[in-house]
Every structure is written in structure tokens, then in C-alpha cells.
Amino acid sequence: PFERVPESMFTLFRVMSGAASEKESWAIDELMKALPSVKFAFVFFMVTSSWTLLSILTAVVSENMISTTQQQYEDLKLAQYEEDRKQQTEALRALFAELDHSGDGLVDGNEVEQAFADEDFASKTAVLLKMPTRDILDVLKMLTQQDVSGRG
């Protein structure tokens, strides 16, 4: 089994995979008796081959897990953004419905001032929009002035 390099490689492969035949086992024993220094090379080959295969398999599995985890993270992040957007839209609809005291579907400057006179409403709106109350008032007043003047 050790007459030529390809046969030797195949013998080592079979030994490594645990499929050595009686003939190959006998040949390996005879080789070890004839050249004891081959034991070191044989052990080195077995350890190096096993370690290399283990390293490659670990790298492949790790890369697959990392890419799968990254994709799942991105999918969850997109789903969370969509859910946040829906909640923000619903909260804004409720805010404008609460601002519209007359119930006509339009918000005018008087309704804005009347609603923001209530401290609880003003603080709830500031938290919802993540803005200071004065900035919210400025934006809403500007929008209601544009609507009145016909520019908005």
C-alpha cells in the first residue's frame, strides 16, 4: 500500500476515516517497525489533517450562522420600523382627532391654542412627537395660518 504516493495517500485516508483493512494495518505495522521515524510523520499527518478538516467545518458553520443571524436581525429591524410607523400614524390620527374640537375634520388656530392650554394634553403630545411643546405649537400655528391664507 506504500509503493507509490497515490497509494500511500489513499492508505492514509482510509486509516484516517477508520476503514483500514487487515492488509493495510499489517503494512502500516511493518512500516513502523522498519522505519520508526515514520511514526512522527504519520502522527503529524493525522493530527494536521484532522485539525484542518475541523477548522474548515467550523469556519463554514460559523459563517453560515453569522449570515443567518444578520439576515434575521435585518428582518426584525424592518418589521419593528414598520410597526413603529403604524403606531406613530395611529397616534397622530388620534392627536388630530383630539385637536379637532368642532368635529369638522379641520384644525384651526383656536382649536390648537385651546388644546395646548391643557398641560396634560401638551405634555402627552410632546412625548408622542418627541419635540418640545413650543416647537409643536409653532409648527401647528404655521400650518393653520397657511391653510387660512390659502397657501397650504
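This text goes with the structure placed above it.
To keep things clear, this report deals only with the structure shown in the data block. This is a predicted model, so every value here is computed, not measured.

1. Digging into the side chain of Asp100
Then, in step 1: Looking at where Asp100 falls in the secondary structure, it is placed in the loop between helix H3 (38-99) and helix H4 (109-116).
Then, in step 2: Salt bridges are absent for the buried Asp100, whose nearest opposite-charge side chain, Arg93, sits at 12 Å.
Then, in step 3: Reaching out from Asp100, the side chain makes a polar contact with the backbone nitrogen of Asp104 at a distance of 3.3 Å.
Then, in step 4: Excluding its chain neighbours within four sequence positions, the residues that come into contact with Asp100 are Gly105, Leu106, Val107 and Glu111.

2. Here's the deal with the packing of aromatic side chains
Then, in step 1: Taken as a whole and judged by the stated rule, the model has 2 aromatic pairs.
Then, in step 2: Measuring from centroid to centroid gives 6.3 Å for Phe40 and Phe44, while their planes differ by 25 degrees, and the two rings are stacked. Taken together, the positions of Phe40 and Phe44, both in helix H3 and 4 residues apart, correspond to about one turn of that helix.
Then, in step 3: Centre to centre, the rings of Phe116 and Phe121 are 5.4 Å apart; their planes meet at 80 degrees, and the pair counts as edge-to-face.
Then, in step 4: What makes Phe116 buried here is its relative accessible area of 8%.

3. Quick look at unusual backbone geometry
Then, in step 1: The phi dihedral of Lys130 falls on the positive side, at around 55 degrees, and the residue is not glycine.
Then, in step 2: Classification of Lys130 as exposed rests on a relative accessible area of 72%.

4. Describing a nonpolar patch on the surface
Then, in step 1: On the surface, a nonpolar cluster with roughly 220 Å² of combined accessible area is contributed by Met131, Val139 and Leu143.
Then, in step 2: By the secondary structure assignment, Leu143 is in helix H6 (residues 133-149).
Then, in step 3: Using a relative accessible area of 44% as the deciding quantity, one classes Leu143 as partly exposed.

5. Considering the packing of helix H1 (residues 5-16) against H3
Then, in step 1: Orientation of H1 relative to H3, taken along the N-to-C sense of each, is 65 degrees, at an axis distance of 11 Å. What the angle tells us is that H1 and H3 run roughly perpendicular. Seen along the crossing, H1 lies across H3 with a hand that is right-handed. Of the residues in H3, those in contact with Leu12, Val15 and Met16 of H1 are Phe42, Phe45, Met46, Ser49, Ser50 and Leu53.
Then, in step 2: Its residues assigned to classes, the contact of H1 with H3 shows 7 nonpolar, 2 polar and no charged.

What counts and what doesn't
- Residues numbered from 1 in each chain as written.
- Predicted model: local features only at pLDDT ≥ 70, side-chain atom pairs only at ≥ 80, totals over all residues.
- Heavy atoms only, no water.
- Helix = DSSP H or I, 4+ residues; strand = E, 2+ residues; numbered from the N terminus.
- Buried < 20%, exposed > 50% of the residue type's maximum accessible area, 1.4 Å probe, protein only.
- Lys, Arg positive; Asp, Glu negative; His and termini not counted.
- Salt bridge = Lys/Arg side-chain N within 4 Å of Asp/Glu carboxyl O.
- Polar contact = N/O pair within 3.5 Å; in protein donor to acceptor, adjacent residues only side chain to side chain.
- Contact = heavy atoms within 4.5 Å.
- Phe/Tyr/Trp six-rings, centres within 6.5 Å; stacked < 30°, edge-to-face > 60°.
- Patch = residues over 30% accessible without salt bridge, like charges linked within 9 Å, V, L, I, M, F, W, Y side chains within 5 Å.
- Areas by Shrake-Rupley, 256 points an atom, 1.4 Å probe, with all protein chains shown as cover.
- Axes fitted to C-alpha atoms, helices over the stretch in contact; angles between N-to-C directions.
- Parallel < 35°, antiparallel > 145°, perpendicular 65-115°, else oblique.
- Left-handed = near helix turned anticlockwise from the far one by under 90°.
- Nonpolar A, V, L, I, M, F, W, Y, C, P; charged D, E, K, R; others polar.

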